[in-house]
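Each chain, letter by letter, is given below.
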Amino acid sequence: PKTVFLSIGANNFDDSCNASYPYGTSTGQIADCIKNIIECIEINGAIPFWMGLPPFEECGAAQDKPLTFNALIQNWLVSKNLPSCFYLERMIQDKSWDAMGGRFFNNLAYDKHPNEAGNRLIAEICAEALASFNKIDL
């Protein structure tokens, strides 16, 4: 592929967005693994877009921990002149947003996967990011 969108890392954290898997792994080690995957994609000739961590139910409406982690990776991506597109920021700006995921999740406490509205928003953000990176109009 010419472009790879990555939505990875969530399974390495518990519901409070604390590094938890594999046992004893630190947030920095998870970040390093994501960076390695991104570099492998780039080395193989594709453009990697990391989409950031999703929301975590126990992080409440503010989602400070996943946003902080996303910023850590984004700073590294900027230093390498690589793109990113984070859907979490757009979700939490929606007036419906709350700790259960607003209109984007049926109930974040029970189902960590976005519903149709959430998947639609993610697809729109990917399309916008790709268009912006390639300087084309949608």
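To start, this report covers the structure provided alongside it.

## What to know about the nonpolar core
Here's step 1: Counting 20 residues, the largest nonpolar core has Phe-13, Ile-34, Ile-38, Trp-50, Phe-69, Ile-73 and Leu-77 as its most contacted members.
Here's step 2: Where this core is concerned, the elements lending two or more residues are strand 1 (3-6), helix 1 (27-43) and helix 2 (64-79).
Here's step 3: Broken down by element, the residue count for this core peaks at five residues, all from helix 1.
Here's step 4: Here Ile-73 is in contact with Ala-31, Ile-34, Lys-35, Ile-38 and Trp-50, once residues within four sequence places are set aside.
Here's step 5: Among the nonpolar cores identified, the runner-up in size contains 14 residues, and Phe-49, Met-51, Met-91 and Ala-129 belong to it.

## Re the pattern of salt bridges
Here's step 1: All chains considered together, the criterion is met by five salt bridges.
Here's step 2: Note that Glu-42 is salt-bridged to Lys-80, the shortest N-O span being 3.7 Å. Here Glu-42, found in helix 1, pairs with Lys-80, found in the loop between helix 2 and helix 3 (87-93); they are 38 residues apart in sequence, far enough to count as distant.
Here's step 3: Note on Lys-80: relative accessible area 30%, which makes it partly exposed.
Here's step 4: The closest approach of N and O atoms between Arg-120 and Glu-116, which form a salt bridge, is 3.1 Å. Separated by four residues within a single helix, Arg-120 and Glu-116 lie in helix 4 (residues 116-134), roughly one turn from each other.
Here's step 5: On the basis of relative accessible area, Arg-120 is assigned to the partly exposed category, the value being 45%.
Here's step 6: Glu-116 gets classed as exposed once you look at its relative accessible area, which sits at 58%.

## With respect to the environment of Ala-99
Here's step 1: Along the chain, Ala-99 turns up in the loop between helix 3 and helix 4.
Here's step 2: Owing to a relative accessible area of 24%, Ala-99 belongs among the partly exposed residues under this scheme.
Here's step 3: Sequence separation between Ala-99 and Pro-55 is 44 residues, and the spatial gap between their C-alpha atoms is 8.6 Å.
Here's step 4: Excluding residues within four positions of it along the chain, Ala-99 makes contact with Glu-57, Gly-60, Ala-61 and Leu-108.

About the cut-offs
Residues numbered from 1 in each chain as written. Predicted model: local features only at pLDDT ≥ 70, side-chain atom pairs only at ≥ 80, totals over all residues. Heavy atoms only, no water. Core = buried A, V, L, I, M, F, W, Y, C linked by side-chain atoms within 4.5 Å. Buried < 20%, exposed > 50% of the residue type's maximum accessible area, 1.4 Å probe, protein only. Helix = DSSP H or I, 4+ residues; strand = E, 2+ residues; numbered from the N terminus. Contact = heavy atoms within 4.5 Å. Salt bridge = Lys/Arg side-chain N within 4 Å of Asp/Glu carboxyl O.

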